[in-house]
Amino acid sequence: MDSNLVKPTVGPIIGHSTTNHVRIFLRGDKQKDASVFAGIRYRRLGEERWSKGLFAKLDNLRDMCEVFTLNDLAADTDHEYQAGWFSPMNPVHTVETVEELPLQWPRQIHRFRTRSSQPTLPRAYVVGSCRYLRITAGIASAPHLGDRIFASISKLVEHANPPISAMLMTGDQIYVDDLNIVAPDRELKEILHKYRVAFTQPNIAKLMSGLPTYMILDDHEIEDNWPAKRNKSDDLLYTNAIKAYELYQASHSPAQQLSGSGQINKKLDKYWYQFTEGDIEWFITDSRTRRNLSEVDRRILDVEQEQALCQWLIHSPARVKFVVTSVMFYPDRKRLGDDAWQAFPEQRLRLLETIRTHRIKNVFFVSGDVHGSLTSRLTHSEDPDFEVHTIVSSPLCNSKLLPYAKASTFILDQPLARTAAGDYRHELTSNVISQDNFAHLIVDADRIDVRYHDRDGHFLESASILLR
């Protein structure tokens, strides 16, 4: 294997991207006791000369995964890149010495585009969640079903105008607990294997090699309705599931800070994060691992996160503010509502009152989880200035065992909350979609268009929300 790089065993995956910075995840493989290195090189589209190779030594403790940061790039520019890994014959090689080797790069050339620095351009995003890929005893059964929708998303990305800036996966990217009622996966090795299988299906792999993908976990990255049913024996499961999540999802997200040298600082102290594109900002909450279920101070977001979210809502100058919460903000379900914001009404009301009393405009809550898609508007009986919207997209691929949500799933005939200052009332602004789907969001000068497509890319439903 001396100086031939082979293609990554997982990836490359384009993560957080800005006007001048891109993160790229890839995984190599173990080679008995030999050192293994990963490498990336890139160039602007149309240029002949490649950049100097960037290299990293892979570590089995990180499942041979690495995230490269490309810095000082040109804005709004198409780039090509090659990525791979190799094990040099000479065991004493270092990251510095492998740069000098005459390397054969993998033939495959991938592409990415940096963000535009123009603040007010129309922008577009794809949103989806809940991709069920049944993996039993290490084997994916009918994996093409869980991969099919990504071919349709790729087709949309190729032709979309305005171009798609990113894909947001808002939870349940894998199911650690899929059908393993008899013997659920708890070992790190089994959970890592699930990620590898899920992220190497051909259509999702092709999509993620060129489109920035932002992810946040929900319960199935750990276990159903986590942490409501947690018991002592789940400590090991949690440790292993979170380690795998950090390696495969959080590692290429903005939750990872950069060190002074522009490389990723591998310590992670939280999973929630923000990113900005022009006059649009996203706040991706962790509504799963920081819950407090005690009666005294029930909360779905911890104190630090709630404060950061409120400060951002109040002070961010963004024209449009998207808040991603893997579980639904509203409407509430008639049954099984104890896992979503419905079970944390005080904290939800604090957020709504913050938005209302500070007269914050154009706030959109983006969610997944419920295996149904919809848009809805929230208003206030005594405050005509208040308006908030929710955009829900779920699932990318359902299990035959799980029902799809329908309009009758939700409580739509009574206020979401009653307060001394008035009632929060909501209404659907789209039909409820009860099939596999993804959402295509277009943020324009005066409105947001939400278009839902089925797994073959066919148009299902749209909602147009006027900006204020």
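The written sequence of each chain sets the order in which its residues are numbered from 1. Only residues with pLDDT of at least 70 get local features here, since the model is predicted, and only at 80 or more are side-chain atom pairs given and counted; chain-wide, interface and lining totals rely on the full set of residues. Side-chain figures throughout are based on the complete set of non-hydrogen atoms in the structure, without hydrogens or water.

### A short note on helix α7 (residues 345-357)
The end-to-end C-alpha separation of α7 is 18 Å, in line with the 18 Å expected for 13 residues at 1.5 Å each. Between buried and exposed lies partly exposed: a residue is buried under 20% and exposed over 50% of the maximum accessible area for its type, with that area taken using a 1.4 Å probe on protein chains only. Each helix is a run of DSSP H or I of at least 4 residues and each strand a run of E of at least 2, with the numbering of both proceeding from the N terminus. If you check which residues of α7 are buried, you get Q347, R348, L351, L352, T354, I355 and R356. Looking at the buried residues of α7, the elements they touch are α6 (303-315), β16 (363-367), β17 (374-380), β18 (387-392) and β20 (422-428). The first or second residue beyond α7 is R359, which carries a positive phi of 50°. Under the convention used throughout, the expected extent of a helix is 1.5 Å for every residue step, that is, one less than its residue count. Any two residues having at least one pair of non-hydrogen atoms within 4.5 Å are treated as being in contact.

### Observations regarding the nonpolar core
By size, the foremost hydrophobic cluster in this structure holds 76 residues, and its most contacted members are F199, W282 and F322. Not counting the four nearest positions on each side in its chain, W282 is found in contact with Y125, L168, Y273, Q274, F275, W312, F322, V324, V366 and L441. Only buried Ala, Val, Leu, Ile, Met, Phe, Trp, Tyr and Cys residues count toward a nonpolar core, and they belong to the same one when joined by side-chain atoms within 4.5 Å. F283, I300, Y330 and F344 belong to the second largest nonpolar core, which has 28 residues in total.

### What about the packing of helix α3 (residues 188-199) against helix α5 (residues 234-248)?
Relative orientation of the contacting elements α3 and α5 amounts to 35°, with a least axis distance of 9 Å. The chirality of how α3 crosses α5 is right-handed. Across the interface between the two elements, L188, I191, L192, Y195, R196 and F199 of α3 pack against L237, N240, A241, K243, A244, Y245, L247 and Y248 of α5. Lys, Arg, Asp and Glu make up the charged group, whereas Ala, Val, Leu, Ile, Met, Phe, Trp, Tyr, Cys and Pro make up the nonpolar group; the residues left over, Gly among them, are polar. Of the residues in the contact of α3 with α5, the class split is 11 nonpolar, one polar and two charged. Here an angle of 0 to 180 degrees is reported between the N-to-C directions of two axes, which are lines fitted to C-alpha atoms, with helices fitted over the stretch in contact. It is the rotation of the near helix from the far one that decides the hand of a crossing: anticlockwise by less than a right angle makes it left-handed, clockwise makes it right-handed.

### Details of α5
Counted at 1.5 Å a residue, the expected span for α5 with its 15 residues is 21 Å, and the 21 Å between its end C-alpha atoms agrees. Restricting attention to buried positions, one finds in α5 the residues D234, L237, Y238, N240, A241, I242, A244, Y245, L247 and Y248. Where α5 is buried, its residues touch β1 (10-17), β2 (22-27), β5 (65-70), α3 and β12 (213-215).

### As for the sheet that holds strand β21 (residues 437-443)
Taken in spatial order, the six strands of this open sheet run β12-β11-β8-β21-β22-β23, and their pairing is mixed. Only two strands of the sheet have a single neighbouring strand rather than two, namely β12 and β23 (459-466). Pairs of neighbouring strands in the sheet enclose a mean axial angle of 20°, with direction left out of account. Being paired, for any two strands, means DSSP has found at least two bridges between them. Pairing of strand β11 (residues 164-169) with β12, which is carried by three bridges, proceeds in the parallel orientation.

### Overview of the pairing of β17
With respect to burial, β17 is a largely interior element, five of its seven residues being buried. Of the pairings in the sheet, the one linking β17 to β18 comprises six bridges and is antiparallel in character. By the bridge assignment, T379 is partnered in β18 with E387. Where β17 hands over to β18, the hairpin turn is made up of six residues, counted between the paired strands. The pairing of β17 with β20 spans five bridges and is antiparallel. When the sheet's bridge partners are listed, L378 is paired in β20 with H426.

### Considerations on the environment of I314
Along the chain, I314 falls in helix α6. Between the C-alpha atom of I314 and that of R455, which follows or precedes it by 141 residues, the distance is 38 Å. For I314, the contacting residues outside a window of four places in its chain are T354, H358 and I360.

### Re the pattern of salt bridges
The working definition used for a salt bridge is a side-chain nitrogen of Lys or Arg within 4 Å of a carboxyl oxygen of Asp or Glu. A full pass over the atoms with the stated rule returns 33 salt bridges. Its salt-bridge partner being D63, residue R196 comes within 2.7 Å of it at the nearest N-O pair. Taken together, the positions of R196 in helix α3 and D63 in the loop between β4 (54-57) and β5 put the pair 133 residues apart, joining distant regions of the chain. A relative accessible area of 22% places R196 in the partly exposed class. For D63, a relative accessible area of 5% gives the class buried.

### Observations regarding unusual backbone geometry
The residue after N161, namely P162, is reached through a cis peptide bond having omega 0°. Relative to the elements of secondary structure, P162 occurs in the loop between α2 (143-159) and β11. With an omega of -5°, the peptide bond running from S394 to P395 counts as cis. Among the secondary structure elements, P395 is positioned in the loop between β18 and β19 (417-419).

### Brief notes about the packing of aromatic side chains
Here a Phe, Tyr or Trp ring, Trp counted by its six-membered ring, pairs with any other such ring whose centre lies within 6.5 Å, and the pair is stacked when the planes are under 30 degrees apart, edge-to-face when over 60, and tilted otherwise. Evaluated as defined, the whole model comprises 24 aromatic pairs. Considering the side-chain rings of Y195 and Y248, the 5.3 Å spacing of their centres and the 10° angle between planes classify their relative orientation as stacked. Of this pair, Y195 sits in helix α3 while Y248 sits in helix α5; the two residues are 53 residues apart in sequence, bridging distant segments of the chain. Each of the two residues, Y195 as well as Y248, counts as buried. On the basis of an interplanar angle of 10° and a centroid distance of 5.8 Å, the ring pair of W272 and F283 is categorised as stacked. Taken together, the residues span a long stretch of sequence, with W272 in the loop between α5 and β13 (273-277) and F283 in strand β14 (residues 280-284) at a distance of 11 residues.

### Regarding the pairing of strand β8 (residues 123-128)
On a regular strand, each side chain points to the face opposite its neighbour's, so the side chains alternate between the two faces of the sheet. Counting buried positions over the six residues of β8 gives six, a clear majority of the element. Residue alternation in β8 divides its side chains into two sets, R123, Y125 and V127 and A124, V126 and G128, and both sets are buried. Here five bridges tie β8 to β21, and the two strands are oriented antiparallel to one another. Counterpart to V127 in the pairing with β21 is A439. In this sheet, β11 lies alongside β8 in parallel orientation, the contact comprising five bridges. Paired with G128 across the two strands is M169, which belongs to β11.

### Observations regarding the environment of N437
If you trace the backbone, N437 turns up in strand β21. Along the chain, N437 and F459 lie 22 residues apart, while their C-alpha atoms are 9.5 Å from each other. In this view, N437 contacts I149, S373, S393, S394, P395, L396, Y452, H453, D454 and L460; residues no more than four positions away in its chain are not counted. For N437, the side chain forms a polar contact with the side chain of S373, separated by 2.7 Å. Definition of a polar contact: a pair of N or O atoms within 3.5 Å, with one able to donate and the other able to accept a hydrogen when the atoms are protein atoms, and with sequence-neighbouring residues admitted only if both atoms are side-chain atoms.

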